[in-house]
Amino acid sequence: MKKIVIAVVLFFLCAPVYSSVTTADGLITLDYYEDTQSGIENRWILDFSVNDIGGGVESIGFDLLLYNQEVDFLNPYNQNTDYYIIGYYTESTMPLVLLPTIPSGLYSLPVPINTDFTFYTTNQFLGEPLINDFYIYLSYVNNLGVEKGEGFYLTGPVGATVPEPMGMLLFAFGAFLIKFLIK
């Protein structure tokens, strides 16, 4: 029993940070996770998917606002498209609060269903960001004129990130430790 409890604790300590949220009507899904495949340290991916829910919904317009000043979408990894623009929203002037936003602009094309976008986030300021849980607000309107808005919390990195080679070594050590404890 003691070995099982230790294995469960180790699993939760080594579990990757991953957030997934879907709007109440199922039209939009957001996944936020660390980019572990590219070798670029401290780059996170926000997958934005427009789902096919039927009922005549064929396209949407959206506005995604992240209440986190550490996140930066204006980086060389994101590509411009005809569907959205990346920028900042001014929350207040004293002190100046600029929040990252990704809206489909007035002159952008409507986003068709079954469309997936991948947005890469990096840290806005030098050093390691302390993101933790942060609030986002997503408002959208479909081609039928139905407007909706929902707020969510996404989970980002907590504290200093572990470089990928070190993460692999820690995983291997954890696997060895679990195998040793199960014997």
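This report concerns the structure included in the present document. (Residues numbered from 1 in each chain as written. Predicted model: local features only at pLDDT ≥ 70, side-chain atom pairs only at ≥ 80, totals over all residues. Heavy atoms only, no water.)

1. Points about a nonpolar patch on the surface
Reasoning step 1: A cluster of nonpolar side chains, contributed by Leu-74, Tyr-88, Leu-96 and Leu-98, occupies part of the molecular surface with about 350 Å² of accessible area.
Reasoning step 2: Checked against the element boundaries, Leu-98 lands in strand 7 (residues 97–103). (Patch = residues over 30% accessible without salt bridge, like charges linked within 9 Å, V, L, I, M, F, W, Y side chains within 5 Å. Areas by Shrake-Rupley, 256 points an atom, 1.4 Å probe, with all protein chains shown as cover. Salt bridge = Lys/Arg side-chain N within 4 Å of Asp/Glu carboxyl O. Helix = DSSP H or I, 4+ residues; strand = E, 2+ residues; numbered from the N terminus.)

2. Overview of the environment of Ser-19
Reasoning step 1: By the secondary structure assignment, Ser-19 is in strand 1 (residues 18–22).
Reasoning step 2: Sequence separation of Ser-19 and Leu-154 is 135 residues, and the distance between their C-alpha atoms is 5.6 Å.
Reasoning step 3: Not counting residues within four places of it along the chain, the set of residues in contact with Ser-19 comprises Leu-30, Asp-31, Tyr-32, Leu-154 and Thr-155. (Contact = heavy atoms within 4.5 Å.)

3. Some remarks on the packing of aromatic side chains
Reasoning step 1: This model, assessed by the stated rule, comprises 13 aromatic pairs.
Reasoning step 2: A ring pair is formed by Tyr-67 and Tyr-135, whose centres lie 5.5 Å apart and whose planes are at 50°; its orientation type is tilted. Pair noted here: Tyr-67 is in the loop between strand 4 (59–66) and strand 5 (71–72) and Tyr-135 is in strand 10 (residues 133–142), with a separation of 68 residues, a long-range link.
Reasoning step 3: The exposure class assigned to Tyr-67 is partly exposed, which follows from its relative accessible area of 34%.
Reasoning step 4: Relative accessible area serves as the criterion here: at 29%, Tyr-135 is assigned to the partly exposed category.
Reasoning step 5: Relative to Phe-119, the ring of Tyr-84 lies with its centre 4.9 Å away and its plane at 75°, an arrangement referred to as edge-to-face. Here Tyr-84 is found in the loop between strand 5 and strand 6 (87–92), whereas its partner Phe-119 is found in strand 9 (residues 115–123), with 35 residues between them in sequence. (Phe/Tyr/Trp six-rings, centres within 6.5 Å; stacked < 30°, edge-to-face > 60°. Buried < 20%, exposed > 50% of the residue type's maximum accessible area, 1.4 Å probe, protein only.)

Coordinates in, geometry out; function isn't part of it.
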